[in-house]
Amino acid sequence: MLARERRLRGVADMRREEAQRVVDTMLSRYVVQLTTANESATPEQENLLREALTFYERLSDESPDDDDVRQKIAECLHLQSDVQEQRLDRQGAIATREKGLSILHGLVARHPDNDAYRYDLFFNAYRLAILYSSPSEWDAGARCLDLAERTIEELLEGDPGNFTYRDAQVALGFARISSLWERGEFEPLSALISKYELRSRDLLEQYPDNASQMTHLSSLLEIREQLAQMDRRRSEDEAYDLFAQSKESLNRVLETAPPNWLNQRLLRHWAERCPFAELFIVGD
């Protein structure tokens with residue numbers, strides 16, 4: 001009876017592992033499709049995501065100590081929040097991302113040296129801070145920015161040359177600048193803009209044609225535009241030169257950026273904003 005029970009348990013474990021490999025593969029294909037498609041997630045993709053989330057949650061109930069499965073749950077929640085954001089369901093996207101962030105907090109607490117868990121924690125905190133956009137949510141957004149900043153700085157301490165971390169740090173700096181601007185806290189802006197402009201220049205010089213720079217270059221355009229508006233000591237010629245460089249960078253990215261929904265949304269925003277910024281800076 002014991003031998004038979006061991007055999008049955010072994011078969012059950014094999015079937016569960018095979019099922020997990022299948023779902024892992026399906027989820028990976030979903031991510032690839034979502035990040036390379038021109039449009040938002042399809043109903044079929046959303047249904048696949050829901051089924052994958054249900055599978056991992058049941059698997060986690062059976063194996064509550066399996067942190068890799070919990071990381072998969074957090075990944076599904078991240079993707080689900082993206083879909084809700086696409087559907088303009090901001091409150092749903094916030095609730096889903098808060099749930100995923102809670103899971104990642106636990107994972108990092110148990111595995112403080114796991115860089116993958118820590119980067120996921122950074123990214124979800126960063127995205128949640130952006131979702132907290134109403135005045136009543138500003139303090140919660142600031143706490144998320146603080147968490148994201150601490151996490152990415154710790155990652156950079158261990159790997160200072162990592163492009164992904166450096167690019168993320170610049171994106172986070174732009175998010176903080178935008179947050180302070182919206183709150184009307186202008187005093188620290190000039191120093192912050194100068195700080196992240198230098199980092200942006202450095203990255204741009206090293207990776208001038210990298211399509212993944214789209215978000216970074218869009219942020220660079222905004223940072224330089226705000227700096228030109230706020231620092232009246234700059235000459236008109238210098239302000240125009242900065243803007244011209246940013247506009248040229250944006251045009252390069254328009255031609256090379258992967259056509260996923262987030263890139264397309266941001267690129268449309270900056271393509272529409274460019275003429276207005278040019279009128280403000282250049283004048284006549």
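Residues numbered from 1 in each chain as written. Predicted model: local features only at pLDDT ≥ 70, side-chain atom pairs only at ≥ 80, totals over all residues. Heavy atoms only, no water.

(A) Spotlight on unusual backbone geometry. Of note, the phi angle at Leu88 is positive, near 65°, even though the residue is not glycine. If you trace the backbone, Leu88 turns up in the loop between α3 (67-86) and α4 (90-110). Here Leu88 falls in the exposed class, since its relative accessible area comes to 76%. (Helix = DSSP H or I, 4+ residues; strand = E, 2+ residues; numbered from the N terminus. Buried < 20%, exposed > 50% of the residue type's maximum accessible area, 1.4 Å probe, protein only.)

(B) Here's a closer look at the packing of aromatic side chains. Enumeration over the complete set of coordinates arrives at six aromatic pairs. Arranged with centres 5.5 Å apart and planes meeting at 45°, the rings of Tyr119 and Phe122 form a pair that is tilted. On the criterion of helical spacing, the pair formed by Tyr119 and Phe122 is a turn pair, its members being three residues apart in helix α5 (residues 115-131). For Phe122, a relative accessible area of 1% puts it in the buried group. Here the aromatic rings of Phe123 and Tyr126 are separated by 6.1 Å at their centres, their planes lie at 50°, and the arrangement is tilted. Of this pair, Phe123 and Tyr126 are both found in helix α5, three residues apart, which corresponds to roughly one turn of the helix. Among the aromatic side chains, those forming a connected cluster through ring pairs are Tyr119, Phe122, Phe123, Tyr126 and Tyr165. (Phe/Tyr/Trp six-rings, centres within 6.5 Å; stacked < 30°, edge-to-face > 60°.)

(C) Region of the structure containing the nonpolar core. In terms of nonpolar packing, the biggest core is built from 42 residues, with Phe122, Tyr126, Ile152 and Leu172 touching the most fellow members. Listing elements by their share of this core, those giving two or more residues are α2 (43-62), α3, α4, α5, α6 (138-158) and α7 (163-183). Look past the residues within four positions of Ile152 in its chain and what remains in contact with it is Tyr119, Phe122, Tyr165, Ala168, Gln169 and Leu172. Core analysis: the second largest hydrophobic core is formed by six residues, Ile177, Leu189, Ile193 and Tyr196 among them. (Core = buried A, V, L, I, M, F, W, Y, C linked by side-chain atoms within 4.5 Å. Contact = heavy atoms within 4.5 Å.)

(D) Examining the packing of α3 against α4 more closely. Two numbers describe how α3 lies on α4: the axes approach to 8 Å, and their chain directions differ by 155°. One finds that α3 runs roughly antiparallel with respect to α4. Here α3 and α4 pass one another in a crossing that is left-handed. Only Gly92, Ala93, Thr96, Arg97, Lys99, Gly100, Ile103, Leu104, Leu107 and Arg110 of α4 make contact with α3, whose side of the interface consists of Asp67, Arg70, Gln71, Ile73, Ala74, Leu77, His78, Gln80, Ser81, Asp82, Gln84 and Glu85. Looking at the contact of α3 with α4, its residues break down into seven nonpolar, eight polar and seven charged. (Axes fitted to C-alpha atoms, helices over the stretch in contact; angles between N-to-C directions. Parallel < 35°, antiparallel > 145°, perpendicular 65-115°, else oblique. Left-handed = near helix turned anticlockwise from the far one by under 90°. Nonpolar A, V, L, I, M, F, W, Y, C, P; charged D, E, K, R; others polar.)

(E) Representation of the pattern of salt bridges. Summed over all chains, the structure comprises 15 salt bridges. The partner of Glu46 in a salt bridge is Arg87, and the shortest N-O contact between them spans 2.2 Å. Taken together, the positions of Glu46 in helix α2 and Arg87 in the loop between α3 and α4 put the pair 41 residues apart, joining distant regions of the chain. For Glu46, a relative accessible area of 17% gives the class buried. We note a salt bridge from Lys99 to Glu57, for which the minimum N-O separation is 3.7 Å. Of the two residues, Lys99 is situated in helix α4 and Glu57 in helix α2; the sequence distance between them amounts to 42 residues. Judged by relative accessible area, Glu57 falls into the partly exposed class, the value being 28%. (Salt bridge = Lys/Arg side-chain N within 4 Å of Asp/Glu carboxyl O.)

(F) Highlighting the environment of Asn114. Its place among the elements puts Asn114 in the loop between α4 and α5. Taking the C-alpha atoms as reference, Asn114 lies 9.9 Å from Leu155; in sequence the two are 41 residues apart. Polar side-chain contacts of Asn114 include one of 3.0 Å to the backbone nitrogen of Ala116. A distance of 3.0 Å separates a polar atom in the side chain of Asn114 from the backbone nitrogen of Tyr117. (Polar contact = N/O pair within 3.5 Å; in protein donor to acceptor, adjacent residues only side chain to side chain.)

(G) Focus on the side chain of Ser81. Relative to the helices and strands, Ser81 is located in helix α3. Classification of Ser81 as buried rests on a relative accessible area of 0%. Within the local environment of Ser81, its side chain forms a polar contact with the side chain of Arg97, the two groups lying 3.3 Å apart. Residue contacts for Ser81: discarding those within four places in its chain leaves Ala93, Thr96, Arg97 and Leu131.

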